[in-house]
Amino acid sequence: MARVAVLGASGTTGGELVRLLAAHPFFELTFLGAGGSAGSTMAEVHPYLAGLALADRALRGLDTADIVEASDLVFSALPHGAGVATILALVDAGVPVVDLSGDFRLDADGYPSWYGFVHPAPERLPGAVYGLPELFCDAVAGASLVANPGCFPTPVVLGCAPLLSAGLLGPGPIRVDGKTGMSGAGKAVSEATSYTTTEGSIRPYRLPTHQHTPEMERGLRLATGLDVPVLFAPHLIPAVRGVLTTSYAPLAAGVTTDMLTDVLADAYAGQPFVRVLPPDTMADVKRTTGTNVVELQAVADPRTDTAIVIGAIDNLGKGAAGQAIQNANLMTGLSQEAGLPTVAVYP
């Protein structure tokens, strides 16, 4: 059993990490850390976890020495910009970390404009592995620091990278329409995320400055070696979980839907968490709820010379906690499937 810590255990993603890790066959939760909620029990901050054996365990402060003593691997679900010093101290002490924030996903020059702060340790960014296991599993397996991808970039990069590498997409920008449930906004209460505001509504936000835009571009570049501009338009929908991305890209001459589908199927053959849909089968977020699965669908529209690439995930699963555990499994030499569900909660 590997001893694992969850930092930011009081947040939405932290709670999902705890829920999944509590049933993991090879990980033992030995440290639950938080900032302002330190001293509260897990059941107090997450009443839905009251049935777990660790429900009465108190959250602890984020003292680095205590975390090092208690854990062999750390999941950090701290807010953007809040965990850099702690994460690097843990890595320097020999404790590998999967970071679920955006603090290690970009090059240094991207942080002021996209995240609103100057990165405090730019020299350490090249040492972080971008954790899309289906594309970078060898690098993840040997990593001491993994930058867990964001929810929107995960289906976009997984869907578009193999098609770019195969030459099925023409030059030009990829235009991404994204829809997300409200859990992506975390637990903080605001008018923008209240029931009154969101019920029955679909609306764009952070257009065109969402921080996942440069992450999509960087992920595609890491996977293909190509510099592809991305225009990203995210939208909030009146749901709790789920992300659906629809990417529109120039279609190379003569490319068909069957060709797009075959390339994706070949690229992810044997991958337990990627479900490539056959032609005429539509992706469905609900089929991924509670799982670490991504559904991918690709369609060619020769009338407009456009490739349409669709991805569906649970934003708290493959888009956050599930993918973090998949990365941690690889980092510790386990099967990437350990402790991760592939059957959805449905209907």
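Conventions and cut-offs
The residue count restarts for each chain, going from 1 along the sequence in the order it is written. Two thresholds apply to this predicted model, a pLDDT of at least 70 for residue-level local features and 80 or more for giving and counting side-chain atom pairs, whereas whole-chain, interface and lining totals are computed over all residues. Excluded from the side-chain calculations are hydrogens and water; all other atoms, namely the structure's heavy atoms, are used. Summary of the burial criterion: residues with accessible area below 20% of their type's maximum are buried, those above 50% are exposed, and those between are partly exposed, where the area comes from a 1.4 Å probe applied to protein chains only. Strands are runs of DSSP state E lasting at least 2 residues, helices are runs of H or I lasting at least 4, and numbering of each runs from the N terminus. Two strands pair if DSSP finds at least two bridges between them. Residue contacts are counted whenever heavy atoms from the two residues lie within 4.5 Å of one another. Lines fitted to C-alpha atoms define the axes, with helix axes restricted to the stretch in contact, and inter-axis angles between N-to-C directions lie between 0 and 180 degrees. Should a side-chain nitrogen of Lys or Arg be within 4 Å of a carboxyl oxygen of Asp or Glu, the pair is scored as a salt bridge. Here a Phe, Tyr or Trp ring, Trp counted by its six-membered ring, pairs with any other such ring whose centre lies within 6.5 Å, and the pair is stacked when the planes are under 30 degrees apart, edge-to-face when over 60, and tilted otherwise. Note on criteria: charge over ring means Lys NZ or Arg CZ within 6 Å of the ring centre, with the direction from the centre no more than 35 degrees off the ring normal. In the analysis that follows, any N or O atom pair within 3.5 Å is treated as a polar contact, provided that within protein one partner can donate a hydrogen and the other can accept it, and provided that, for residues neighboring in sequence, both atoms belong to side chains.

**Comments concerning the pairing of strand β12 (residues 294–301)**
So, step 1. Within β12, six of the eight residues are buried, leaving the element largely enclosed by the surrounding structure.
So, step 2. Linking two consecutive strands that pair antiparallel, namely β12 and strand β13 (residues 306–313), is a turn of four residues; a positive phi of about 55° is found at Asp 305 within it.

**Thoughts on the sheet that holds strand β10 (residues 243–250)**
Think of a sheet as strands paired side by side through backbone hydrogen bonds, with each pair either parallel or antiparallel.
So, step 1. Read from one edge to the other, the open sheet built from seven strands follows the order β8-β9-β7-β10-β13-β12-β11, with strand pairing classed as mixed. With partners counted over all chains shown, the strands left at the sheet margins are β8 (203–204) and β11 (274–276), one partner each.
So, step 2. Bridging between β12 and β13 involves eight bridges; their strand directions are antiparallel. Each residue of the ladder has a partner; that of Val 299, found in β13, is Ile 308.
So, step 3. Across the face of the sheet, helix α9 (residues 212–224) comes into contact with β7 (174–180) and β9 (230–236) while running at roughly 135° to β9.

**Here we look at the environment of Asp 109**
So, step 1. With respect to the helices and strands, Asp 109 occurs in the loop between β4 (97–99) and α5 (111–114).
So, step 2. Note on Asp 109: relative accessible area 68%, which makes it exposed.
So, step 3. Along the backbone, Asp 109 and His 119 are ten residues apart, and their C-alpha atoms lie at a distance of 8.4 Å.

**A closer look at the sheet that holds strand β3 (residues 73–76)**
So, step 1. Here we have six strands laid out as an open sheet, ordered β2-β1-β3-β4-β6-β5, and parallel in their pairing. Edge strands, defined here as strands with exactly one partner in the open sheet, are β2 (27–33) and β5 (129–130).

**Side note on the environment of Gly 51**
So, step 1. Within the element layout of this structure, Gly 51 appears in the loop between α2 (42–45) and α3 (64–70).
So, step 2. Taking the C-alpha atoms as reference, Gly 51 lies 41 Å from Cys 160; in sequence the two are 109 residues apart.

**Points about the pattern of salt bridges**
So, step 1. Enumeration over the complete set of coordinates arrives at 14 salt bridges.
So, step 2. With its nearest N and O atoms 3.0 Å apart, the salt bridge here joins Lys 318 to Glu 134. A residue pair is termed long-range when its members are at least 10 positions apart, and Lys 318 in helix α11 (residues 317–331) and Glu 134 in helix α6 (residues 133–141) qualify at 184 residues.
So, step 3. By relative accessible area, which is 8% here, Glu 134 ends up buried.
So, step 4. Residues Arg 275 and Glu 295 are paired through a salt bridge, measuring 2.9 Å at the closest nitrogen-oxygen approach. Linking Arg 275 in strand β11 with Glu 295 in strand β12, this pair joins segments that are 20 residues apart in sequence.
So, step 5. Residue classification places Arg 275 among the partly exposed residues on the basis of a relative accessible area of 30%.
So, step 6. Through salt bridges with shared partners, a single ionic network connects Glu 16, Arg 19, Arg 241 and Asp 314.

**A word on the packing of aromatic side chains**
So, step 1. Taken as a whole and assessed by the stated rule, the structure comprises five aromatic pairs.
So, step 2. Through pairs of rings, three or more aromatic residues link up here, namely Tyr 111, Tyr 115 and Phe 117.
So, step 3. Over the ring of Tyr 346 we find Lys 286, and its NZ or CZ is 5.8 Å from the ring centre.

**Thoughts on the side chain of Thr 224**
So, step 1. Position of Thr 224 among the secondary structure elements: in helix α9.
So, step 2. One polar contact links the side chain of Thr 224 to the main-chain amide nitrogen of Leu 226, over a distance of 3.1 Å.
So, step 3. In this structure, Thr 224 is in contact with Ala 161, Leu 164 and Ser 165, ignoring residues within four places of it in sequence.

It is worth stressing that arrangement in space is one thing and function is another; only the former is reported here.
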